Amino acid sequence: MNLFKKKRTPKLAFLISGRGSNMSAVLSAIAAKKLNAEAVCVFSDVKSAGGLKVAKQNNIPAHSFSPKDFSSREEYESKLARVISDSGAEWVICAGYMRILKKTFIDYFPNRILNIHPSLLPSFPGLRAQQQAIDYGVTTSGCTIHLVDYGMDTGPIIMQSPVPVHADDDERSLSVRILKAEHETYWQAIQKVTENTFQVVDRKVVFV
Ligand code: GRF
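None of these values were measured; they are calculated from a predicted model.

Conventions we followed
- Residues numbered from 1 in each chain as written.
- Predicted model: local features only at pLDDT ≥ 70, side-chain atom pairs only at ≥ 80, totals over all residues.
- Heavy atoms only, no water.
- Helix = DSSP H or I, 4+ residues; strand = E, 2+ residues; numbered from the N terminus.
- Buried < 20%, exposed > 50% of the residue type's maximum accessible area, 1.4 Å probe, protein only.
- Contact = heavy atoms within 4.5 Å.
- Near = heavy atom within 4 Å.
- Polar contact = N/O pair within 3.5 Å; in protein donor to acceptor, adjacent residues only side chain to side chain.
- Areas by Shrake-Rupley, 256 points an atom, 1.4 Å probe, with all protein chains shown as cover.
- Nonpolar A, V, L, I, M, F, W, Y, C, P; charged D, E, K, R; others polar.
- Pairing = 2+ DSSP bridges.
- Axes fitted to C-alpha atoms, helices over the stretch in contact; angles between N-to-C directions.
- Parallel < 35°, antiparallel > 145°, perpendicular 65-115°, else oblique.
- Left-handed = near helix turned anticlockwise from the far one by under 90°.

Draft legend 1. Structural view of the side chain of Asn 22. Looking at where Asn 22 falls in the secondary structure, it is placed in helix α1 (residues 21-31). Judged by relative accessible area, Asn 22 falls into the buried class, the value being 7%. Setting aside anything within four residues of it in sequence, one finds Asn 22 in contact with Ala 95, Ile 116, Leu 179, Glu 182, His 183 and Tyr 186.

Draft legend 2. Seen up close, unusual backbone geometry. Here the residue pair Leu 121 and Pro 122 is connected by a cis peptide bond, since its omega of 15 degrees sits within 30 degrees of zero. Structurally, Pro 122 is set in the loop between β5 (113-117) and α5 (129-136). Notably, Phe 124 is not glycine yet its phi reads approximately 60 degrees, a positive angle. Tracing the backbone shows Phe 124 in the loop between β5 and α5.

Draft legend 3. Here's a closer look at the site of the ligand. Taken together, Arg 19, Gly 20, Ser 21, Asn 22, Gly 96, Ile 116, His 117, Pro 118 and Glu 182 make up all the residues around the ligand. The separation between an oxygen atom of the ligand and a polar side-chain atom of Arg 19 is 2.4 Å. One of the backbone N or O atoms of Asn 22 is found 2.8 Å from an oxygen atom in the ligand. Alone, the ligand offers 360 Å² of accessible surface; in the complex the protein occludes 86% of this. The set of elements that each furnish at least two residues to the shell around the ligand consists of α1 and β5. Here the residues of the shell around the ligand are counted per class, giving two nonpolar, five polar and two charged.

Draft legend 4. View of the side chain of Ser 17. Mapping Ser 17 onto the fold places it in the loop between β1 (11-16) and α1. A distance of 2.8 Å separates a polar side-chain atom of Ser 17 from the backbone nitrogen of Met 98. With near-sequence residues (within four places) excluded, Ser 17 lies in contact with Ser 44, Asp 45, Val 46, Ala 49, Gly 96, Tyr 97 and Met 98.

Draft legend 5. View of the pairing of strand β6 (residues 140-147). For β6, a buried count of seven out of eight residues is recorded, marking the element as mostly surrounded by other parts of the structure. Of the strand pairs in this sheet, β5 and β6 are connected by four bridges, and their pairing is antiparallel. Across the sheet, Ile 116 pairs through a bridge with Ile 145, a residue of β6. As paired strands, β6 and strand β7 (residues 157-164) are joined by seven bridges and run antiparallel to one another.

Draft legend 6. Fine view of the packing of α1 against helix α6 (residues 171-195). At a closest axis distance of 9 Å, the pairing of α1 and α6 adopts a crossing angle of 50 degrees. Taken together, the axes of α1 and α6 lie oblique to each other. When you trace α1 past α6, the crossing you get is right-handed. Counting all contacts with α1, which are made through Ser 21, Asn 22, Ala 25, Val 26 and Ala 29, the residues of α6 involved are Leu 179, Glu 182, His 183, Tyr 186, Trp 187 and Ile 190. Across the contact of α1 with α6, the residue classes break down as seven nonpolar, three polar and one charged.

Draft legend 7. Expanded view of the environment of Leu 101. Tracing the backbone through its elements, the reader meets Leu 101 in the loop between β4 (91-94) and α4 (103-106). Distance in space between the C-alpha atoms of Leu 101 and Ile 113 is 9.8 Å, their sequence separation being 12 residues. Beyond its immediate stretch of four places on either side in the chain, Leu 101 contacts Leu 15, Glu 77, Cys 94, Ile 106, Ile 113 and Val 148.

Draft legend 8. The arrangement of the sheet that holds strand β3 (residues 62-64) in detail. Strand order across the open sheet formed by seven strands is β3-β2-β1-β4-β5-β6-β7, with mixed pairing between neighbours. Single-partner strands in this sheet number two, and they are β3 and β7. When strand polarity is set aside, the average angle formed by the axes of neighbouring strands in this sheet is 20 degrees. Pairing between strand β2 (residues 38-44) and β3: three bridges, direction parallel. Each residue of the ladder has a partner; that of Val 42, found in β3, is Ala 62. Of the strands in this sheet, β1, β2 and β3 are in contact with helix α2 (residues 50-57), which crosses β3 at around 155 degrees.

If you want it as structure tokens, here you go:
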């Protein structure tokens, strides 16, 4: 047995819709050798997404098309799944991808799709999670990285980071504070699932 066998490098595809700062943070962790992974593909459903420029700067093959270019949601998702599998990606990292993934796509990558959400789920799923936290009056919110299932922000949780909510916070100031935690947490969650074996038991991620 070769004890010095090189570790396999997990291949990641990113799904984005916007600036892609979470993707950039994961790419920085890879560049800094904190995370053993390789980005092989970036996809955006928004052609003007800033994150596509980040992909270009990092020489990562990038693709963009929109559901509007297809006659059905299933056709769009089948094409997307083909693009991602053809890239050789084993893990799909949703980083500000502003669409709900449906069964057609999810079934291609069972328990291999991660998402980041800016609240401590199951509190405040859906849009404007930071404003929801302020409106509710919680004193702690944060971010959650979870596996994607058929629901909206309902998948098994991999990792969470708490972030304080201050009395004078508005949506913007809280979003900035949570985003900082997102950038520090996402790569660690990716590391956790790619370096360890896990099963999903009773909707929970169980490391074995
Ligand atoms: C993040 O707050 C993420 O939690 C949410 O969308 C935002 C994306 O930001 N899903 P960015 O594009 O990664 O900068």
